[in-house]
Amino acid sequence: MEKIKELAFFEKLLNTPQNSLVDKAVKEGRIPIAYNCYTAPEALLSVGKAFPVRLRAPQTTSTELATFYMSPFTCSYSRSILEAALDDQYEFIQGMVFAACCVQIQRTAHNYKLQKLKGDEKFVHYLIDVPRKEFDAYVPALVADLKKLAGLMETTYGLDMSEENIRKAIHEQNEFNKLLKEISDFRKLDKPKITGSEWHMVYTACKTAPKDMLVEPLKKLKTALEKREGFEAKARLMVMGSICDNPAYIELIESQGCLVVADRFCYGSLPGMEMIPEEGDVFTNLALFYLESNECPRMMEKMEFRAERAENYLEEYKADGIIFETLKFCDVWGYEKLKTLKILEDKGIPCVRIEREYALSGEGQMKTRVQAFIESIQNKQLTEKLAK
Amino acid sequence: MSDITKGMLAQAILNDSIKNMMMEQTKAGMAKFKSPEFKAACMKAVADPAAREALIKQLMADPLTAPVAFKLFSPEAQAAMKAQSKKKSKGNAKDQWVDFKYWLKCWKTCMHQPESKEDKAKMKQAQMDFPWMIDLMKTVSMGKRYTEGRTGIALQMSWKAIIHQAAATIEQLNNVFLDPENTVLAQIMVPTQIYKAMDLHHFCAETPANILIMMDQHCHEKYIDEVVNHGLPDDTCNYASQTPGVVLAGHLPNPGTALICSNLPCEAGFSSYAIVERELGIPTYRLDVPYNFKTEEDRAAYVKDMFGMIAFLEETTGHKMDWDKLRKVCEDTNKLGEIELERWEMNRSENPPVCNDMLWFPHLCFFSMDAGRADAVPLFEDLQKLGRRAYMKKECSVKPMKYRAILWNPPTFGYTYFWSWMERCWGIGVVQDMETYGPVNVIDTTSPESMLEGLALQWCNAAMSRHTRGPAENWMGDVAKLTEMYRPDFILNLNHMGCRSSLGLTGAMKEWANENDMPVCIVDYSMYDSRVVSRQGIRDQINNFMMNIMHAEPLDPSLLVFDDDNAW
């Protein structure tokens, strides 16, 4: 299958946090604000001159400094982000907005503040307290939190954070997501026109650069993909689990002859391309949207919902099985093995669990595991065929 | 019985000649002991040390008496006996009597039986179904270990708290086995005052593993292994992972009414309760303690969450909230808070009267695990009286107290006599600790809303909410505050290897300590698994710190290294 030249553009954006588009935007006087999680509202961080950059640490291979601050027994994503920040890889950012998604990332935020921000008044460092359950009483609290963040952005950067501007940002995000969704849907075809690693590369790039600068390249990519022939594979898989922002991992999985058609992991697109309601109070819309659409295991009461959604994704993307990957020391996803994954396994869905580190490592072992998993799926399919 | 004797016995059963030979030997031995020569030698040995030595040598040389003689008179046996008598000795006759009295009381509490025959049968059956209940008998041993080397008022304070807690645990067991319809299953760190006001009992789901480990360091390990065998990563915090292990092993009593839990202390904690809920299949309510609980909006939301919990309990159990009763419970809680503040204040003096577990244990039991108990008030009043007496007499609970320390992070549950070891080996007195310390607020009892607001504030300020989850300012701010208040010689920072939250601030703590010239003893350990870091492993880290950083001399060098890997 031929490589599409349009993809090279996105690939380049992933090499460093300060990629060419971010650089260009900063030179134009725009304000890059780093964020860490799906629940940190991108739309709010995209008002006026501001634009969101999701935290990654592509150049970090070891984490000596961060390990001093956070010990070796915390997840390597939290440490890598801190390491990258301490290594001045995030010098270009002018704000950092965290969602209090887990204690480890909270501590990354705290350490960043303690080590890097010594009373810098022009820097917004904010931690959004996203509730862990959908409960009416917590919506006003989250709304108040978002308003406080908007107020801070207004006073610190001089942005006009009016409802009108936020609504405009929400509309633009929705339009952008529509375009992304069209490309994403190529994965649903019987012969997908985009591989999992390619899609992951595109989607990750879209989270790390100003969106308005990505619209044209995305349109070009879409046109190119339309003309492309589809892929055939030994098996179609869904990857589910902890944070993964490195397309090399997906490429490694696909190197064993399968296709990753669904990405249900942190930094993945499921969920990630839904439409935020544009009518009504913008803050309430944002609060409700992120509470309701959240499929992260940090939400205490949504185990059944997560299992149901995962099953829907399997059906929608015609996936044959699940690769369940967890970062070492990731508690929320670690427990999912006994919760959501157990529900799925009990339903007869083929699953395999892989533990990994944030930076690419253990390739040989992972290849073997994936290969064996694909064979087991093929055997199962064959047995079923024979039985019929 | 030695292996040789066992072998001979086994052979004797098969072989009559060996049997006869053994009988002959026993008879000969008995005749020897009864002989007038032996009696005379014994009498002589009592008066004359040289004769005693000769007799011991003679007994050791005789193959018949050698095994017993060696066990009684060898230098190792003598040293062990000395150590044992030292361990049991409480200094003077009064202390010895106090110790014996409370020891008996503790047994009485543990052996408590329900009155009716039917209930007795139910409890017996429960012991068969839930084997961990037998481990509760080790409470007496736990008491002995806690009070090892302790004398005076400190001895009384320790025993009182332990016996009270034993009674509270037995009450919980009675609740869940004898009155399950009116009992809810609950996680700790949830406002227990609410159950009491609703006339509901509760059974703490953590009891079979997290509490019982204090009695025996190995008794719960099967539960950790159980959950790991089901696929949970073994590096997950074992505070959280044990309870699902108990459930998966089928060892958690299920009252079948409701389960109340929360998002505390961390992701692992609340995730584990999803497994409990699924396996037991009971209606569950989860409280969501906000991260930013200092903001009014968040706290107001939490109060509404508590109202939600009350509505849920009313619906699932049929019990109604009695606000007058809650008022009484809150008043009791306020009284306890007042006493607690005085205890903390006394510890700021030169001779702190309530150090180590005397401070930590009652707080853990009656503030965090089972807050709002009416009988906790007389206990705390007793402790207050004793504390005041010690304060007036300038009697420090650690004798002699060489070092004042602040304990940061939870203490090691698998090493119950860690406190008393620190006292005896190094003279360390922990004057305040993280699990105990937190702002104590007075609950306004004028209206239901104000009571719940007060309770919300109290539980948001609880240790695992305030320190291990909230902003870093809570953590670092409290360390600085306590250092200023208590003037410690060092900070003992116990780093539980599964606690991502506290590990995440290790470096910040080190830097703060350097800036403030405060020695910090960082001890890596696993809070509930001594297979990860053994008790001696913990002691080694403290010993190294005391010798190399504090340049201290141990009070009792025999306590630096000893084998207790298989001890309770």
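What you see is a predicted model, and the numbers here were worked out from it, not measured in a lab. Numbers given for residues are sequential positions, taken from 1 along each chain in its written order. Following the order in which they are written, the chains are lettered starting with A and the ligands numbered starting with 1. A pLDDT threshold of at least 70 governs which residues receive local features in this predicted model, and a stricter bar of 80 or more applies before side-chain atom pairs are shown or counted, although totals over entire chains, interfaces and linings include all residues. Computation of side-chain values: all heavy atoms of the structure, hydrogens and water removed.

Here we look at the overall build of chain B
We apply this condition: Here a strand is any run of E in DSSP of at least two residues, a helix any run of H or I of at least four, and the numbering for each starts at the N terminus. To get the radius of gyration, use the C-alpha atoms; to get the globule rule, take the number of residues to the power 0.38 and multiply by 2.2 Å. In this scheme, a residue with accessible area under 20% of its type's maximum is buried, one over 50% is exposed, and one in between is partly exposed, where area comes from a 1.4 Å probe on protein chains only.
Along its length, chain B carries 26 helices and eight strands. In terms of overall dimensions, chain B is globule-like: its C-alpha atoms have a radius of gyration of 27 Å, near the 24 Å expected for 568 residues. If you line up chain B on its principal axes, its C-alpha atoms span 90 × 60 × 45 Å. Relative to its 568 residues, chain B shows a buried fraction of 60%.

Quick notes on the sheet that holds strand β3 (residues 259–262) of chain B
All names here are of chain B. For the record, the criterion: When DSSP finds two or more bridges between two strands, those strands count as paired. Axis lines are fitted through C-alpha atoms, for helices just across the contact stretch, and the angle between N-to-C directions can take any value from 0 to 180 degrees. The criterion used for residue contact is that any of the two residues' heavy atoms lie within 4.5 Å.
Read across the sheet, four strands follow the order β2-β1-β3-β4 without closing on themselves; strand pairing throughout is parallel. Pairing within the sheet leaves two strands with one partner each, and these edge strands are β2 (201–204) and β4 (284–287). In this sheet, adjacent strand axes meet at a mean angle of 25 degrees when their direction is disregarded. By the bridge criterion, four bridges tie strand β1 (residues 183–186) to β2 in an arrangement that is parallel. Opposite Ala 186, over in β2, you have Cys 204 as the bridge partner. Taken strand by strand, helix α15 (residues 267–280) contacts β1, β3 and β4, and its axis lies near 165 degrees from that of β3.

Thoughts on the interface of chain B and chain A
This is how it is decided: In this description, buried area is defined as the sum, over both parts, of the accessible area (probe of 1.4 Å) that is lost when the two are combined. The rule for a salt bridge is simple: a side-chain nitrogen of Lys or Arg has to be within 4 Å of a carboxyl oxygen of Asp or Glu. Residues adjacent in sequence count toward polar contacts only when both atoms are side-chain atoms; beyond that, a polar contact is any pair of N or O atoms within 3.5 Å, and within protein one must be able to donate a hydrogen and the other to accept it.
At the junction of the two partners, chain B supplies 53 residues and chain A supplies 46 residues. Buried surface at the junction of chain B and chain A, summed over both partners, amounts to about 4,300 Å²; 57% is from carbon and sulfur atoms. Of all residues in chain B, Glu267(B), Tyr291(B) and Arg500(B) bury the most surface against chain A, accounting for 17% of the area lost on that side. Lys328(A) is paired through a salt bridge with Asp235(B); the nearest N and O atoms lie 2.9 Å apart. For the pair chain B and chain A, the number of links is 28 residue pairs in polar contact (both at pLDDT 80 or more). Taken together, the elements giving at least two residues each to the side of chain B that touches chain A come down to α14 (238–248), α15, β4, α16 (296–317), α23 (472–486), α24 (500–503) and α25 (506–515) of chain B.

Some words on helix α12 (residues 303–316) of chain A
Note on helix geometry: an α-helix contains 3.6 residues per turn, so any two residues three or four positions apart are oriented the same way. What counts, and what does not: Take the residue count of a helix, subtract one, and multiply by 1.5 Å to get its expected span. To be clear, the arc concerns the directions from the helix axis to the C-beta atoms.
Between its first and last C-alpha, α12(A) extends 20 Å over 14 residues, near the 20 Å set by a 1.5 Å rise per residue. Regarding α12(A), the residues found buried are Met303(A), Arg306(A), Ala307(A), Ala310(A), Tyr313(A) and Leu314(A). For α12(A), the arc enclosing every buried residue in end-on projection is 120 degrees, short of the 170-degree limit, so these residues lie on one face. α12(A) presents Glu304(A) and Glu315(A) as exposed residues on the side facing more than 90 degrees away from its buried surface. Contacts from the buried residues of α12(A) go to β5 (235–241), β6 (258–265), β7 (321–327), α13 (331–336) and α14 (340–346) of chain A together with α15 of chain B. Note on α12(A): the residue one or two positions beyond its end, Lys318(A), has a positive phi of about 55 degrees.

Notes on a positive patch on the surface
Residue and element names in this part refer to chain B. Convention followed: Grouping into patches uses exposed residues only, defined as over 30% relative accessible area, and leaves out salt-bridged ones; the cut-off is 9 Å for like charges and 5 Å for nonpolar side chains (Val, Leu, Ile, Met, Phe, Trp, Tyr). Throughout, the Shrake-Rupley method with a 1.4 Å probe supplies accessible areas, and for residues the shown protein chains are the sole cover considered. We score Asp and Glu as negative and Lys and Arg as positive, and we do not count His or the chain ends. Every charge is mapped to an atom, namely NZ of Lys, CZ of Arg, CG of Asp or CD of Glu.
The grouping of Lys 94, Lys 101, Lys 105, Lys 108, Lys 385 and Arg 389 at the surface amounts to a positive patch. When residues of the positive patch are assigned to their parent elements, the largest contribution, four residues, is made by helix α7 (residues 93–110). Examined against the element boundaries, Lys 94 turns out to sit in helix α7. Residue classification places Lys 94 among the exposed positions, given a relative accessible area of 59%.

Considerations on the environment of Arg424(B)
All names here are of chain B. By the secondary structure assignment, Arg 424 is in helix α20 (residues 418–426). Linking Arg 424 and Pro 439, residues 15 residues apart in sequence, is a C-alpha distance of 31 Å. Arg 424 has contacts with Glu 148, Gly 149, Tyr 417, Leu 555, Asp 556 and Leu 559, leaving out every residue within four places of it along the chain.

Looking at the packing of aromatic side chains
Test applied: Aromatic pairs are defined between Phe, Tyr and Trp rings, using the six-membered ring for Trp, whenever the two ring centres lie within 6.5 Å; interplanar angles under 30 degrees are classed as stacked, those over 60 as edge-to-face, and all others as tilted. Whether a charge sits over a ring comes down to the Lys NZ or Arg CZ being within 6 Å of the ring centre and within 35 degrees of the ring normal.
In total, this model carries 33 aromatic pairs over all chains according to the counting rule given. Taking the centre distance of 5.9 Å and the plane angle of 25 degrees together, the rings of Phe100(B) and Trp103(B) count as stacked. With Phe100(B) and Trp103(B) both in helix α7 and three residues apart, this pair spans about one turn of that helix. Since its relative accessible area comes to 29%, Trp103(B) is described here as partly exposed. Judged by centre distance (5.8 Å) and plane angle (85 degrees), the ring pair of Trp408(B) and Trp475(B) falls under edge-to-face. Residue Trp408(B) is found in strand β5 (residues 403–408), and its partner Trp475(B) is found in helix α23; the two are separated by 67 residues along the sequence. Considered together, Trp408(B) and Trp475(B) belong to a single accessibility category, that of buried residues. Members of the aromatic cluster, joined through ring pairs, are Tyr146(B), Tyr239(B), Trp360(B), Phe361(B), Phe413(B), Tyr415(B), Tyr417(B), Phe418(B), Trp419(B) and Tyr528(B). The side chain of Lys188(A) reaches across the aromatic face of Tyr317(A), ending 5.3 Å from its centre.

Describing the packing of helix α7 (residues 163–184) of chain A against helix α8 (residues 196–207) of chain A
All names here are of chain A. Heads up, the rule is: Each angle receives one of four descriptions, namely roughly parallel if under 35 degrees, roughly antiparallel if over 145, roughly perpendicular if within 65 to 115, and oblique otherwise. Under this grouping Gly is polar, as are all residues other than the nonpolar Ala, Val, Leu, Ile, Met, Phe, Trp, Tyr, Cys and Pro and the charged Asp, Glu, Lys and Arg.
It is at 11 Å that the axes of α7 and α8 come closest, and there the two elements cross at 170 degrees. The angle between the axes of α7 and α8 places the two elements in the roughly antiparallel class. In this structure, α7 uses Phe 176, Leu 180, Ile 183 and Ser 184 to contact α8, whose residues at the interface are Trp 199, Tyr 203 and Cys 206. Of the residues belonging to the contact of α7 with α8, the class tally is six nonpolar, one polar and no charged.

Quick notes on the nonpolar core
The condition that has to hold: Side-chain atoms within 4.5 Å are what join buried Ala, Val, Leu, Ile, Met, Phe, Trp, Tyr and Cys residues into a set we call a nonpolar core.
Counting 164 residues, the largest nonpolar core has Ile194(B), Leu313(B), Phe490(B), Leu492(B), Ile542(B) and Met546(B) as the members making the most contacts within it. Not counting the four nearest positions on each side in its chain, Leu313(B) is found in contact with Val184(B), Ile194(B), Tyr195(B), Met198(B), Leu200(B), Ala258(B), Ile260(B), Gly318(B) and His319(B). Grouped together as the second largest cluster of nonpolar side chains are 122 residues, Leu21(A), Cys37(A), Leu270(A) and Val282(A) included.

Brief notes about the sheet that holds strand β8 (residues 520–525) of chain B
Residue and element names in this part refer to chain B. In spatial order, the strands read β6-β5-β7-β8; together these four strands make up an open sheet with parallel pairing. Two strands close off the open sheet at either side, each with one partner strand: β6 (428–433) and β8. Averaged over all neighbouring strand pairs, the angle between strand axes comes to 30 degrees, with direction disregarded. The pairing of β5 with strand β7 (residues 490–496) spans four bridges and is parallel. By the bridge assignment, Trp 408 is partnered in β7 with Asn 493. In the packing of α20 onto the sheet, the strands contacted are β5, β6 and β7, and the crossing angle to β6 comes to about 135 degrees.

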